[in-house]
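# Structure assessment
Chain by chain, the residues:
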Amino acid sequence: MSFARGAGERDPRAVAAPEAAGAAAGVAAAHPDGPAAAHPAGPAAFRLADGGLDPRTLVLYAVTDRRWLDGTTLEEEVARAVEGGATMVQLREKDLGRDELLDEAVRLREVCHAVGVPLIVDDDVEVAVAAGADGVHVGQSDMEAGAVRALIGPDMILGVSAQTVDEALLAQERGADYLGVGAVFPTGSKDDALDVDRETLAAICAAVSIPVVAIGGIGRDNVRELAGTGIVGVATISALFARPDVRLAAHDLLVRTRRMLDGVRCALTIAGSDSSGGAGVQADLKTMQANGVFGTSAITALTAQNTRGVTSIMDVTPEFLGEQIDAVFSDIRPDAVKVGMVSATPLIRTIAERIDRWRPEHVVVDPVMVATSGARLISEDAVGTLVAELLPRATVITPNRPEAEVLWGHEIQTEKDMELAAAEVGRRLGCAVLVKGGHSLADASDVLWRDGECRWYRGRRVENPNTHGTGCTLSSAIASNLAKGFGLDESVMRAKDYVSGALAAMLDLGAGSGPMDHGFDLASRFVEGPGE
Ligand SMILES: Cc1ncc(COP(=O)(O)OP(=O)(O)O)c(N)n1
Ligand SMILES: Cc1ncsc1CCOP(=O)(O)O
Ligand SMILES: [Mg+2]
């Protein structure tokens, strides 16, 4: 039976079970290309200041199985795996003799060390030491962990398999740097694998202080099921080496694993639709996507507009707006909310009521009153409701100069006025206030008042007449960053940077003040992916 990759995944159990390359046979001396040629910094390079193994090395742990080779060498396949993003490699070859295993370990050590990835040898401590590998992995029926630690010394990495909390605690006590826990899903790569359920995996992670990787049957379609267990990464054989393109498989699984570990952050925009796509909900969703956050929306109004102006506005009913907000919160709770154009009193009240009901962690309100084109976007009476009922519920509001003048009740002519306006409005409303420069005063610079203090954010001025949607974009970028867990200061800085980049891309669409390029830094990611 052949195990050629490319013909799809097949069952490697059909190969006769090989003899384990146990540590007992003894390796007389270091390999000629042995430890002397090891990674210049040695395995200690993968440790943190406190001596613990850096968990980032365990995010995508590639475990070899030469039975999947299809006319290529293991070195070539491992090189593809690390090129795709594998963060650690384990040489696990049950059917190689001692000498062959040592030679293979030395070859893989070169491949891994060339890109700063640690190489671990499965089962065989002496081969690991002789080859100048960075560590060794042993299971419950291999050499006892404490004895391995005594042989390899304090620097080399020691991985131990554990299937129960007791085994995990004992391994930690005996000097393990990390634990491999599995099989968490059915696997075709190990005949004698024991099953470990999600609860046990989570209990092990909670019980130990060393990092834990899950192993067994993990692939692109089920990796997300491991979210919330406490693991720091995944180890896999077939999800990489049985795939036709190992590099692409590694990249894909790395991205999915990172997403599983980080959790997907979501944001909600409550704003009006801009038919021309440069502002409103359309700009907000593009901004959220570009800032790595999943965007959801509740539309307050439909506008017919383009770069020359707004020709018509049709509000949704308050009931329908409320239903949209409830639909989002009851299913995909957003980590932050951005509120944009909301032009009528009943709609403003609906949003205020929903904020009280759902209590989002962060609310960014862009008090949209006038479009860049000069069109009035909110009725006179609605301004009063906005100030009295919505803005006090915000974490931060982001008025431009004319809007800040309306809120403050005075003209703003100097940067000092901007500070005074921000402070006075912030004190009145009980929220942070970011007054945006522009209109020939403090161009590209904004002042944030929060907790009694003003801070200036001096942006880089971009000579671009196409500024349609800059306010929407800035506020939704702030909301995206808050959703990702950044503090307000950092969120504002990052958002300003993003807006500058979108302006600097110099998109030029439409006859009037055109939109910015929200996807300016996405293009390279698509073009430069690792796939063929
Ligand atoms: C990362 C990782 N976790 C678990 C294992 C399994 O080790 P073990 O239980 O010794 O089984 P074998 O791999 O030796 O068959 C592993 N190798 N790597
Ligand atoms: C070595 C090992 N230990 C527990 S399951 C397993 C096999 C993992 O291989 P795969 O990722 O192909 O299921
Ligand atoms: Mg073993």
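Residues numbered from 1 in each chain as written. Chains lettered and ligands numbered in written order. Predicted model: local features only at pLDDT ≥ 70, side-chain atom pairs only at ≥ 80, totals over all residues.

### Overview of the confidence of the model for the protein
Confidence along the protein averages 89 in pLDDT terms, with 89% of residues attaining 70 or more. A low-confidence stretch, residues 524-529 stays under pLDDT 50, and its non-local contacts, those more than four residues away or across chains, total zero contacts. The ipTM value of the predicted complex is 0.99, and its pTM value is 0.60. (pLDDT = per-residue confidence, 0-100. Contact = placed C-beta atoms within 7 Å.)

### Structural notes on the environment of Ser275
Along the chain, Ser275 falls in the loop between β9 (266-274) and α9 (280-290). The class for Ser275 is partly exposed, based on 15 C-beta atoms found within 10 Å. The spacing of Ser275 and Ala304 is 29 residues in sequence and 5.7 Å in space, taken between C-alpha atoms. Contacts of Ser275, omitting those with residues within four sequence positions, involve Thr303, Ala304 and Gln305. (Helix = DSSP H or I, 4+ residues; strand = E, 2+ residues; numbered from the N terminus. Buried ≥ 20, exposed ≤ 12 C-beta atoms within 10 Å, placed from the backbone.)

### Some thoughts on the site of ligand 1
In the region of ligand 1, 17 residues are neighbours, and Gly139, Ser161, Gly180, Ile215 and Ala235 sit closest. Listed by contribution, the elements that provide at least two residues to the shell around ligand 1 are β1 (60-63), β4 (135-138), β5 (157-161) and β7 (212-215). Here the residues of the shell around ligand 1 are counted per class, giving six nonpolar, six polar and five charged. (Near = placed C-beta within 6 Å. Nonpolar A, V, L, I, M, F, W, Y, C, P; charged D, E, K, R; others polar.)

### Some points on helix α16 (residues 488-504)
Compared with an ideal rise of 1.5 Å per residue, which puts 17 residues at 24 Å, α16 spans 24 Å between its outermost C-alpha atoms and is within 8% of the ideal. For α16, every residue scored as buried is listed here: Leu488, Ser491, Val492, Ala495, Lys496, Tyr498, Val499, Ala502 and Leu503. The arc enclosing the buried residues of α16, seen along the axis, measures out at 160°, which places them on a common side. Following α16 by one or two positions, Met506 has its phi on the positive side, about 55°. (Expected span 1.5 Å × (residues − 1). Arc of directions from axis to C-beta.)

### A word on the site of ligand 2
Close to ligand 2 lie 15 residues, the nearest being Thr187, Ser189, Gly216, Ile237 and Ser238. Split by residue class, the shell around ligand 2 holds seven nonpolar, seven polar and one charged.

### Side note on the sheet that holds strand β3 (residues 119-122)
On the basis of which strands lie adjacent, the closed barrel formed by eight strands has the order β1-β2-β3-β4-β5-β6-β7-β8 and parallel pairing. Each strand axis lies, on average, 25° off the axis of its neighbour in the sheet, ignoring direction. Note that β1 and strand β2 (residues 88-91) share three bridges and pair parallel. Bridging from a neighbouring strand, Tyr61 pairs with Met88 of β2. (Pairing = 2+ DSSP bridges. Axes fitted to C-alpha atoms, helices over the stretch in contact; angles between N-to-C directions.)

### Concerning the nonpolar core
Within the largest apolar cluster, 81 residues are counted, with the highest numbers of intra-cluster contacts made by Val89, Leu179 and Val213. Looking at this core element by element, the count peaks at seven residues for helix α2 (residues 98-114). Among all residues touching Val213, those that are not within four sequence positions of it are Leu58, Tyr61, Tyr178, Gly180, Ile231, Val232, Gly233, Val234 and Ala235. (Core = buried A, V, L, I, M, F, W, Y, C linked by C-beta atoms within 7 Å.)

### Some words on the packing of α9 against helix α15 (residues 470-483)
One way to put it is that α9 packs onto α15 with a least axis distance of 9 Å and a crossing angle of 40°. Viewed along their axes, α9 and α15 adopt a mutual orientation that is oblique. In the packing of α9 onto α15, the handedness of the crossing is right-handed. Here Gly280, Ala283, Asp284, Thr287 and Met288 of α9 come into contact with α15, specifically with Cys472, Thr473, Ser476, Ala477 and Ser480. Partitioning the contact of α9 with α15 into residue classes produces four nonpolar, five polar and one charged. (Parallel < 35°, antiparallel > 145°, perpendicular 65-115°, else oblique. Left-handed = near helix turned anticlockwise from the far one by under 90°.)

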